[in-house]
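So you can see what is in the structure, the chains are spelled out below.
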Amino acid sequence: METVTLTIDGRQVTVAKGRTLLQAAIEAGISVPYYCYHPGISIDGSCRVCIVKIEKMPKLQTSCSTVCADGMVVHTRDAEVIAARAGVFEFLLVNHPLDCPVCDKGGECPLQDFSYTFGPAESRMDFPRRVFDGEGVKGDVDFGPTLMLNRQRCILCTRCVRFMKEVEGDAQIGIVDRGYGSEIATFEERGVHSLLSGNLMDICPVGAILTRDYRFKSRPWDNPGVVDTMCTLCSKGCSTSAWLKARPEWAKGTQLIRMTPRFNPEVNNYWMCDIGRFTYHWVEGDTRLRRPMVRRGSALEPAAWHDVEPPLRGRLQEAGSTDPSSVRFLVSAHASTEELFVLKQLVRGLLGSDGLSAVTIAWTRSNKPQSAAAKFKVPATDAPNVNGARDLGYRVGPGTDGLPDLLPLRDAVEAGRVKAVYVLDPGPDGSLGDVSWLGPARRSGALGLLVVQGVVMNELAAAADFVLPGATYVEKDAIYTNDQGRVQAASRAIGLPGEAREDWDILASLARSLGLAMPYESSHDVRRALAASMPGTAYAQADTLVFTRPVPARNWLQASNPSERWKWDFLYQDLPPVKGYSVQTEGMPPEAVFIPLKPVGVRS
Amino acid sequence: MSFHPPMEYAPARFHKSARPLPEAGGEFAFTPENQAKFDENVKRYPPDQRKSAILYALYLAQGRQGYLTAAAMRHVAQQIGCTAAEVEDVVSYYTMFFTKPVGKYVINVCRTLSCALRGAERVTEELRAKLGIAPGETDADGMFTLIEVECLGACDCAPVVMVNDDWHEHLTPERVSQFIDDVRARGRAALTGCHLRKEKNGHEQLTVDS
């Protein structure tokens with residue numbers, strides 16, 4: 001790799017050729033503020049706060065758009081730079097409202113943080129700010145089905161404009177008017193209609209673009225923890241962070257409050273889609289299964305686990321007594337690899353080496369409306385672990401390229417050749433595809449036993465003889481294999497609701513009750529056995545994958561924009577910026593730290 | 001799983017923007033003649049910089065009805081291969097593009113330094129009084145539209161006004177009334193600008209009123 005060596009603030013810095021000064025400074029851990037620069041989109045150079053002094057150049061330069069050259073001598077803490085930067089900050093705040101106490105971005109806002117650190121201590125603005133509010137008009141306007149735009153707060157960095165043009169591939173956002181009248185807007189005020197619209201909240205460096213989903217719901221200091229996990233709503237498997245909000249004092253625990261993407265250059269870069277971002281409400285929704293249920297007569301009645309397991313075992317043994325292969329399993333590809341591994345041992349133990357043929361893996365596909373030029377594509381397959389099932393030896397037909405074939409199972413069930421169907425579905429409602437035939441088959445008596453191990457109460461669960469509450473993707477440590485074949489870990493973020501149990505645990509205790517050996521105490525034990533059984537594959541390291549736990553909020557108060565956490569991780573190692581103290585002026589004499597501002601109307 | 005989770009979306013209730021939107025307009029397409037001109041012009045740019053032809057396309061579109069409707073912008077976007085938002089971006093940037101009907105003569109008064117020093121503000125005041133309209137408005141009979149603009153590039157002849165695409169120089173406040181009457185009577189012939197565009201070697205004129 002070709003490199004160039006330059007000096008920044010007296011430090012020798014060596015970076016790859018073609019890097020800009022700002023990137024070099026970030027890599028070297030030197031704090032330079034910026035707004036319009038974002039590592040995932042192109043360089044614009046419109047916010048001007050990243051200005052630095054370069055020796056032998058006549059004027060201050062924007063570091064985001066200046067490419068590093070050998071022997072450059074750059075100063076980021078020069079008195080001239082500090083004064084000029086403070087001037088830029090003063091201008092940025094000319095029209096920016098000081099509604100930080102009620103702004104959703106407050107506490108995780110780069111404008112707030114950088115203004116404290118690099119801006120002038122006081123404002124000279126004694127004239128009214130530009131506001132859009134008026135008769136019947138709000139500065140805060142609808143910005144499409146998922147977003148709100150607060151035009152007052154916008155600092156016109158154009159990150160959203162470039163995101164839509166470059167990543168989404170459909171430039172729906174533009175800047176209308178010019179100069180002082182400029183505002184972010186969409187054609188005919190139609191708003192942003194995009195599958196990637198949620199990312200605009202992440203890249204907006206101020207509280208101008210907010211998601212309707214998160215708006216007014218929580219503040220950074222209400223979120224005691226954040227868990228690095230992954231999204232399992234399609235076969236892409238984006239790395240995400242699950243944000244947890246503390247419940248009120250009278251209620252224990254935490255609740256999911258939002259999902260944001262986590263930088264992963266191999267899979268999702270800085271982005272995630274709206275499906276993964278906003279489809280988490282079902283996890284803590286009213287339809288969640290919280291207790292095991294048994295059918296008594298025509299009604300499903302809640303029961304304790306110890307009252308459910310013996311009859312379940314009895315009914316299954318009865319169904320499989322004449323022909324074990326008349327017990328079939330219908331498994332959603334939302335099941336994690338651990339669950340599939342335990343299930344494999346279960347069916348092998350019961351049915352012999354041909355056991356896997358009793359298992360049908362199901363998933364759905366849906367067409368995601370995206371522009372042809374979109375760089376971030378959302379795959380059609382709506383399940384995270386089709387490849388995991390394939391790697392374990394299950395029959396998955398066309399895999400992630402097509403739909404599963406449920407017809408053989410359906411024909412067998414409707415012809416009465418199947419005595420029992422055991423459904424395993426830890427995914428959201430509908431993730432098995434069309435199984436509307438299963439309930440009627442049970443009701444008509446063609447099928448003798450229907451067991452549903454799932455997470456939501458739906459039509460299928462309502463028709464079941466036994467309902468076993470399992471765990472969703474944010475409630476268990478589990479691994480999934482995405483469409484690239486990457487084995488990825490999804491960490492537990494929240495506790496299980498009610499008496500629900502992790503799915504591998506339910507399967508393992510069922511297997512134990514049927515007389516099989518299941519020496520597992522935790523999902524980690526399962527992964528260890530999985531790793532031992534598949535040497536030489538990507539699963540051989542399954543037991544070394546890292547699962548995170550909630551990170552305390554005080555660490556995250558420093559992490560301003562979640563999509564730029566990689567930056568904050570080394571920018572601020574101690575505390576959030578405090579007024580009167582500045583990283584950039586550490587160790588400098590007080591008179592040099594003072595940013596001089598001339599009082600208005602006084603000539604020097 | 002739906003494309004978007006169900007969320008309340010009631011733009012009519014209070015989250016309304018007061019931004020003046022371009023008129024929707026009827027169906028719009030270039031005339032075959034303009035289409036040919038556009039196709040010819042777009043060849044001047046490399047294929048990956050097709051967007052450079054956007055100003056020319058907008059002039060062609062505006063030339064037909066004097067202002068640009070949303071339908072016209074959409075047609076230009078389609079011709080250029082960009083989105084309507086990007087076209088509106090350009091339209092709203094330039095003072096030469098209009099999104100509502102304008103008068104036969106659009107009077108652009110320069111208000112930048114040289115003209116301002118020579119009394120451009122008073123020129124505007126005189127024009128307001130004479131025409132009975134404020135900057136940005138069109139008079140009742142659709143003859144004149146008054147706009148204040150930034151530097152027209154004729155500082156040596158300040159104060160200068162631009163009428164449609166041609167300059168009129170040294171328009172002192174005292175001469176405004178007579179100038180308006182003159183334009184009303186003689187049209188473009190009343191203008192003095194030395195920058196008055198000439199028809200030369202077949203290079204076509206792009207005027208709003210042509």
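Because the structure is predicted, anything quoted here is derived from the model rather than measured.

Asks: Would you take a moment to explain the overall build of chain B for this structure?
Replies: Secondary structure summary: chain B contains 7 helices and 4 strands in total. Mapped in sequence order, the helices and strands of chain B form the string α-α-α-α-β-α-α-β-β-β-α. Residues classed as buried in chain B amount to 46% of the 210 residues present. Of all intrachain contacts in chain B linking residues separated by at least 6 positions in sequence, the fraction that spans at least 24 positions is 65%. Carbon together with sulfur atoms contributes 53% to the accessible area of chain B, which is approximately 11100 Å² in total.

Asks: In this structure, what is going on with the overall build of chain A? I would like to understand it.
Replies: A tally of regular secondary structure across chain A gives 17 helices and 23 strands. Across its three principal axes, chain A shows a C-alpha extent of roughly 100 × 60 × 50 Å. Residue pairs at least 24 apart in sequence account for 67% of intrachain contacts in chain A once pairs closer than 6 positions are excluded. Carbon and sulfur atoms provide 53% of the accessible area of chain A, an area that totals close to 24100 Å². Once the 67 positive and 69 negative side-chain charges of chain A are each reduced to a mean point, those two points are 1 Å apart.

Asks: Quick question: what am I supposed to make of the domain arrangement of chain A here?
Replies: Put simply, an interface is often sized by how much accessible area is lost when its parts join up. Residues and elements named next belong to chain A. What the domain assignment reports for chain A is domain 1 (3-122 + 580-591), domain 2 (140-211) and domain 3 (293-541). Relative placement of domain 2 and domain 3: their C-alpha centres are 42 Å apart. The interface of domain 2 with domain 3 comprises 7 residues on the first partner and 9 residues on the second. Counting every contact that joins domain 2 to domain 3 gives 0 salt bridges. Applying the counting criterion to the domain 2 and domain 3 interface returns 3 residue pairs in polar contact (both at pLDDT 80 or more). Along the lines of polarity and charge, the residues of the side of domain 2 that touches domain 3 split into 3 nonpolar, 1 polar and 3 charged.

Asks: Is there a simple way to think about the sheet that holds strand S18 (residues 420-425) of chain A in this case?
Replies: Working definition: the strands of a sheet are paired by backbone hydrogen bonds and lie parallel or antiparallel to each other. Residue and element names in this part refer to chain A. Reading across the sheet, the 7 strands line up as S15-S14-S20-S19-S18-S16-S17 and stay open at both edges, with mixed pairing between neighbours. Every other strand in the sheet has two partners, leaving strand S15 (299-302) and strand S17 (359-362) as the edge strands with one partner each. Across the sheet, the mean angle from the axis of one strand to that of its neighbour is 20 degrees, orientation sign disregarded. Pairing geometry for strand S14 (residues 293-296) and strand S20 (residues 466-469), over 2 bridges, is antiparallel. Considered in S20, the bridge of Val294 is made with Phe466. Sheet strands touched by helix H7 (residues 305-319): S14, strand S16 (327-332), S18, strand S19 (449-454) and S20. Its angle to S20, the strand with the most contacts, is close to 130 degrees. Here helix H8 (residues 337-351) sits on the sheet and contacts S16, S17 and S18; the angle it forms with S16, its principal contact strand, is near 170 degrees.

Asks: Quick question: what am I supposed to make of the pattern of salt bridges here?
Replies: Between side chains of opposite charge, a pair can form as their charged atoms come close. Within this structure, the stated rule accounts for 42 salt bridges over all chains. When the shortest N-O distance is used, the salt bridge between Arg288(A) and Glu475(A) registers 2.8 Å. Taken together, the positions of Arg288(A) in the loop between helix H6 (274-278) and S14 and Glu475(A) in the loop between S20 and strand S21 (478-481) put the pair 187 residues apart, joining distant regions of the chain. Linking Arg19(B) and Glu88(B) is a salt bridge whose minimum nitrogen-to-oxygen distance equals 2.8 Å. With a gap of 69 residues between them, Arg19(B) in the segment before helix H1 (32-42) and Glu88(B) in helix H4 (residues 84-93) connect regions that are remote in the sequence.

Asks: Got a minute to help me understand the domain arrangement of chain B in this structure?
Replies: Annotation of chain B at the domain level lists domain 1 (32-93) and domain 2 (105-203). The gap between the C-alpha centroids of domain 1 of chain B and domain 2 of chain B is 27 Å.

Asks: Which parts of the structure should I look at to understand helix H13 (residues 503-513) of chain A?
Replies: Along an α-helix, residues three or four positions apart point the same way, because every turn accommodates 3.6 residues. Residues and elements named next belong to chain A. A large share of H13 lies buried, amounting to 8 of its 11 residues. Turning to H13, its buried residues are Asp503, Trp504, Ile506, Leu507, Ala508, Ser509, Leu510 and Ala511. Those residues of H13 hidden inside the fold are in contact with H7, H8, S18, S19, S20 and helix H14 (523-533).

Asks: Sorry if this is basic, but what is going on with the packing of helix H3 (residues 70-80) of chain B against H4(B) here?
Replies: Residues and elements named next belong to chain B. Interaxial distance between H3 and H4 falls to 8 Å at its minimum, and their mutual angle equals 115 degrees. Considered as vectors, H3 and H4 are oriented roughly perpendicular to each other. The way H3 lies across H4 gives a crossing that is right-handed. On H4, the residues touching Met73, Arg74, Val76 and Ala77 of H3 are Ala84, Val87, Glu88 and Val91. Of the residues assigned to the contact of H3 with H4, the class counts are 6 nonpolar, no polar and 2 charged.

Asks: Just checking my understanding: could you explain the nonpolar core for this structure?
Replies: One broad rule of soluble globular proteins: the nonpolar side chains tend to lie buried together. All names here are of chain A. Counting residues in hydrophobic clusters, the biggest one holds 65 residues, and the most contacted among them are Tyr35, Phe163, Ile173, Leu200, Leu256 and Tyr473. Sort the elements by how many residues they give to this core and helix H4 (residues 159-168) lands first, with 5 residues. Discounting residues that sit within four places of it in the chain, Tyr35 has contacts with Cys47, Val49, Phe89, Leu92, Pro110, Leu111, Phe114, Ser115, Ile155, Cys157, Arg159 and Pro205. Core analysis: the next-biggest nonpolar cluster, separate from the first, contains 55 residues, Leu312, Tyr394, Leu449 and Met534 among them.

Asks: Would you mind showing me how to read the sheet that holds strand S5 (residues 73-75) of chain A here?
Replies: All names here are of chain A. Ordered by their spatial adjacency, 5 strands build an open sheet running S2-S1-S5-S3-S4, and the pairing between neighbours is mixed. Strands with a single pairing partner mark the edges of an open sheet, and in this sheet they are strand S2 (11-16) and strand S4 (61-62). Pairing of strand S1 (residues 3-8) with S2 involves 6 bridges; the strand directions are antiparallel. In the sheet register, Ile8 faces S2, and the bridge partner there is Arg11. Here helix H2 (residues 79-95) sits on the sheet in contact with strand S3 (51-54) and S5, set at roughly 155 degrees to S3.

Asks: What should I look at first to understand the packing of aromatic side chains in this one?
Replies: The description of two aromatic rings rests on the distance between their centres and on the angle between their planes. Summed over all chains, the structure comprises 16 aromatic pairs over all chains. When the ring of Trp282(A) is compared with that of Tyr473(A), the centres are 6.4 Å apart and the planes differ by 25 degrees; the resulting orientation is stacked. With a gap of 191 residues between them, Trp282(A) in the loop between H6 and S14 and Tyr473(A) in the loop between S20 and S21 connect regions that are remote in the sequence. The residues Trp282(A) and Tyr473(A) share a single accessibility class, namely buried. Summarising the aromatic geometry, the rings of Phe30(B) and Phe38(B) are spaced 5.8 Å apart at their centres and angled 45 degrees between planes, so their arrangement reads as tilted.

Calculation notes
- Per chain, residues are indexed from 1 in the order of the written sequence.
- Written order determines the labels here, with chains lettered from A and ligands numbered from 1.
- Only residues with pLDDT of 70 or above have their local features reported here, since the model is predicted, and side-chain atom pairs are shown and tallied only from 80 upward, although totals for entire chains, interfaces and linings are computed over all residues.
- Note that the side-chain values use all heavy atoms of the structure and ignore hydrogens as well as water.
- Per the convention used, a helix needs a DSSP run of H or I reaching at least four residues, while a strand needs a run of E reaching at least two, with both numbered from the N terminus.
- Partly exposed residues are those whose accessible area sits between 20% and 50% of the maximum for their type, while under 20% is buried and over 50% is exposed, using a 1.4 Å probe and protein chains only.
- Residues are treated as being in contact if the distance between any of their heavy atoms lies within 4.5 Å.
- The method behind every accessible area is Shrake-Rupley, applied with a 1.4 Å probe, and residues are considered shielded solely by the protein chains displayed.
- His is not counted, nor are the chain ends, whereas Lys and Arg count as positive and Asp and Glu as negative.
- In plain terms, the charge of a residue is placed at NZ if it is Lys, CZ if Arg, CG if Asp and CD if Glu.
- The source of the domain bounds is an automatic or database domain assignment.
- The term salt bridge refers to a pairing of a side-chain nitrogen on Lys or Arg with a carboxyl oxygen on Asp or Glu at a separation within 4 Å.
- Think of a polar contact as two N or O atoms within 3.5 Å of one another; within protein, one of them needs to be a possible hydrogen donor and the other a possible acceptor, and neighboring residues in sequence only count if both atoms come from side chains.
- Here the term charged refers only to Asp, Glu, Lys and Arg, the term nonpolar to Ala, Val, Leu, Ile, Met, Phe, Trp, Tyr, Cys and Pro, and the term polar to all other amino acids, Gly among them.
- When DSSP finds two or more bridges between a pair of strands, those strands are recorded as paired.
- Between the N-to-C directions of two axes lies an angle of 0 to 180 degrees, each axis being a line fitted to C-alpha atoms and, for a helix, fitted only over the stretch in contact.
- Our angle categories are set so that under 35 degrees counts as roughly parallel, over 145 as roughly antiparallel, 65 to 115 as roughly perpendicular, and the remainder as oblique.
- Crossing handedness follows the turn of the near helix against the far one: under a right angle anticlockwise gives a left-handed crossing, and clockwise gives a right-handed one.
- The set of buried Ala, Val, Leu, Ile, Met, Phe, Trp, Tyr and Cys residues whose side-chain atoms join them within 4.5 Å is what this entry labels a nonpolar core.
- Pairing of aromatic rings covers Phe, Tyr and Trp, the last through its six-membered ring, and needs centres within 6.5 Å; plane angles under 30 degrees mean stacked, over 60 mean edge-to-face, and all others mean tilted.

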